Amino acid sequence: MGLYSQIPLTIVRRSTTLLQKSQQWHPIRTILTYNSSSYCYESGGEERGGRLGFSRACTIFQVNGQKMGFGLRRSICDSRGGETRESMDYDVVIVGAGPAGLAAAIRLKQLSVDKQKDVSVCVVEKGAEVGAHILSGNVFEPRALDELFPNWKKQGAPLHVPAVEDKFWLLSEKHAYSLPSPFNNHGNYVISLSQLVRWLGVKAEELGVEIYPGFAASEVLYDDTGHRVVGVATNDMGIVKDGSRKSNYQQGMELRGRLTLLAEGCRGSLSQEVINKFALRQQVDAQHQTYALGIKEVWEVEQHKHQPGFVLHTLGWPLKMKTYGGSFLYHMDNLQVAVGLVVALDYVNPYLSPYEEFQRLKHHPSIRPLLEGGRVVQYGARTLNEGGFQSIPKTIFPGGALIGCAAGFLNVPKIKGSHTAMKSGMLAAETAFRELSSIDKEPTMEEYYTALKSSWIWEELKSARNYRPAFKYGLIPGLAISAVEYYITKGRLPWTLSHGRPDHEALEPADMHTPIVYPKPDGIISFDILTSLYRSFGFDRGQGNLSSIPCSYFSYY
């Protein structure tokens, strides 16, 4: 096992399932390389290759009489220096190993098995491992999972805590006023979404999906005409902050696909590029996208305070009446509670800090007692697309499609998007499989957009379309309009409200506002931003290297 132990972790993860099923395996030959940047494997006489950016010795294995193993080869020099990059060809390339991307990959391979037609699927993920960029704490609606894996309970999906109680509060600075809850989480589960995504990743690999974590897709590849997407290129590695190359520099690799599915999440750089290049919003007269920043901590609380399945949402304090946002508090298992604040990015006061508002929230008299005596396990933040139905662009482009939050399928009043993301990935996979089954034409994704508009995603988002834009008039008018929509018209108002100005245009000059003086963190309930950054990169768990963090991370938070 000496040589096998030298295979990079991503390779070991991919091959472990096959090796564990084998009773007999032994090395046939070893390939030694220098500064290697790609791998190849041989199975059943067919060779595939790809870039991984590691320098290792590797072995070809004999598995129950079949050759199977991984070997590394030297990369081709930088195309910007006049030479071409290495590339791998697939039927489908998927960018992003989140709920949408993995659901698409799994559905493709399920159809491949059912129809006995091989389809090669590659998923590239920027996180160091699948689920690394997904923070725990989520009220999950299993509707799409029921369709993808009808027997998910028997297969061990990590959904263990059913939602048992919903509360909805309006907060003032000192009090919490209970309101009728518009949330109906019966049948949903309070979960760690990162654990569910890891489980989906294992299921995808068992079906034969090739997943490459730790490699960010940084470039869209086009055909010679420049009008069709033909894949993506991964980022170069071994580059110093000043742009110079380290001795271990490795150039990115091209992952080429007959079809490319972008599942980057909210405002991914590649997704924004194709949305603009192919005028996807203009094609369907979609409104601009609106955004919010969600900040979350996972706490481990004292046992007598823990109520597994309890779900709380709030509006009001610490935000002003004209600032849209709210907080949430979800009791998961293992004494863990996710607490967070979402702030829409169309706020007008440049002195407002979503991070500091979140720290204030935790000191509210109705929230602080829960956290006292506990400890923070995780911290994280992410953007959310809140435009909803009005802001969905055309989700297809020549050579591929947008799925999940790359297109913007978050249901804002539900504060849920994982189920719609997964369903969109499944619909895209079904279209892609049909198109790839035909060898007489170039595959397109037109049927995906048609299927999307006929699906329960479209129906659900259309009925929820007026909630978010109603709050552009303020908290009280927003609540009134939302109540009419929810309790009386059931989302069937004959008109569709438009969003206000784009978020970046809402910010007013600083001289129109008084600076906000935020209280100093106490180090017990509230924390300074560097402490939270330290937690978000895993330094408190012995991971990460502070000197390797780009300055942009600090300016972002």
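Procedures and definitions
- Residues numbered from 1 in each chain as written.
- Predicted model: local features only at pLDDT ≥ 70, side-chain atom pairs only at ≥ 80, totals over all residues.
- Heavy atoms only, no water.
- Helix = DSSP H or I, 4+ residues; strand = E, 2+ residues; numbered from the N terminus.
- Core = buried A, V, L, I, M, F, W, Y, C linked by side-chain atoms within 4.5 Å.
- Buried < 20%, exposed > 50% of the residue type's maximum accessible area, 1.4 Å probe, protein only.
- Contact = heavy atoms within 4.5 Å.
- pLDDT = per-residue confidence, 0-100.
- Lys, Arg positive; Asp, Glu negative; His and termini not counted.
- Salt bridge = Lys/Arg side-chain N within 4 Å of Asp/Glu carboxyl O.
- Polar contact = N/O pair within 3.5 Å; in protein donor to acceptor, adjacent residues only side chain to side chain.
- Phe/Tyr/Trp six-rings, centres within 6.5 Å; stacked < 30°, edge-to-face > 60°.
- Lys NZ or Arg CZ within 6 Å of the ring centre and 35° of its normal.
- Axes fitted to C-alpha atoms, helices over the stretch in contact; angles between N-to-C directions.
- Parallel < 35°, antiparallel > 145°, perpendicular 65-115°, else oblique.
- Left-handed = near helix turned anticlockwise from the far one by under 90°.
- Nonpolar A, V, L, I, M, F, W, Y, C, P; charged D, E, K, R; others polar.

(A) Representation of unusual backbone geometry in the model. Cis peptide bonds are those with omega within 30 degrees of zero, and the linkage from W317 to P318 qualifies with 10°. You can see P318 is positioned in the loop between β20 (310-316) and β21 (325-331). Phi is positive for R267, close to 50°, though the residue is something other than glycine. You can see R267 is positioned in the loop between β18 (254-262) and α5 (269-277). Non-glycine residue A279 carries a positive phi angle of around 50°. As for its position among the elements, A279 is in the loop between α5 and α6 (280-284).

(B) Seen up close, the nonpolar core. If you look at the biggest cluster of nonpolar residues, it comprises 84 residues, and the most contacted ones within it are L200 and Y448. Sorting elements by how many residues they give to this core places helix α9 (residues 418-436) first, with nine residues. Each residue touching Y448, except ones within four places of it in the same chain, is listed here: T395, I396, A401, L402, I403, F409, S424, L427, A428 and T431. Ranked by size, the runner-up nonpolar core spans 28 residues in total, among them L341, L352, L370 and Y518.

(C) The confidence of the model for the protein, seen in detail. A residue-level look at the protein finds 81% of positions with pLDDT of 70 or above and a mean pLDDT of 84. Here residues 1-83 scores under 50 on pLDDT; set against residues more than four positions off or in separate chains, the count is 194 contacts. Long-range and interchain partners of residues 539-557, a stretch whose pLDDT sits below 50, account for 30 contacts in this model, where long-range means more than four residues apart.

(D) Highlighting the side chain of E485. Note on placement: E485 falls in helix α13 (residues 475-489). Notably, E485 is buried but unbridged: the nearest opposite-charge side chain belongs to R465, and the N-O separation is 5.0 Å. Only 3.1 Å separates the side chain of E485 from the side chain of N466, close enough to count as a polar contact. Excluding its chain neighbours within four sequence positions, the residues that come into contact with E485 are S463, N466, Y467, K490, G491, R492 and L493.

(E) Looking closely at the packing of aromatic side chains. Applying the stated rule across the entire model yields 11 aromatic pairs. Arranged with centres 5.7 Å apart and planes meeting at 90°, the rings of W152 and Y189 form a pair that is edge-to-face. Here the residue W152 occupies a position in the loop between α3 (143-148) and β10 (165-171), and Y189 occupies one in strand β12 (residues 189-191), the gap between them amounting to 37 residues. Taking relative accessible area as the criterion, W152 reaches 4% and is therefore assigned buried. Residue Y189 is classed as buried on the basis of its relative accessible area, which comes to 13%. Consider the rings of F389 and W458, whose centres lie 5.2 Å apart with planes at 70°: the pair is edge-to-face. Linking F389 in the loop between β23 (375-385) and β24 (396-397) with W458 in helix α11 (residues 456-463), this pair joins segments that are 69 residues apart in sequence. With respect to burial, F389 and W458 carry one shared label: buried. One aromatic cluster in this structure is built from F389, Y449 and W458. Lying over the aromatic face of Y249, R245 brings its terminal NZ or CZ to 4.2 Å of the ring centre. In this arrangement the basic side chain of R535 is found over the ring face of F527, its NZ or CZ atom lying 4.3 Å from the centre.

(F) Fine view of the packing of helix α2 (residues 99-115) against helix α4 (residues 193-206). In contact at an axis separation of 9 Å, α2 and α4 are set at 25° when each is read in the N-to-C sense. Between α2 and α4, the interaxial angle falls into the category roughly parallel. Crossing of α2 against α4: the hand is left-handed. For the pair formed by α2 and α4, the contact residues are P99, L102 and I106 on the first element and L193, V197, L200, G201, K203 and A204 on the second. Residue classes in the contact of α2 with α4 are distributed as seven nonpolar, one polar and one charged.

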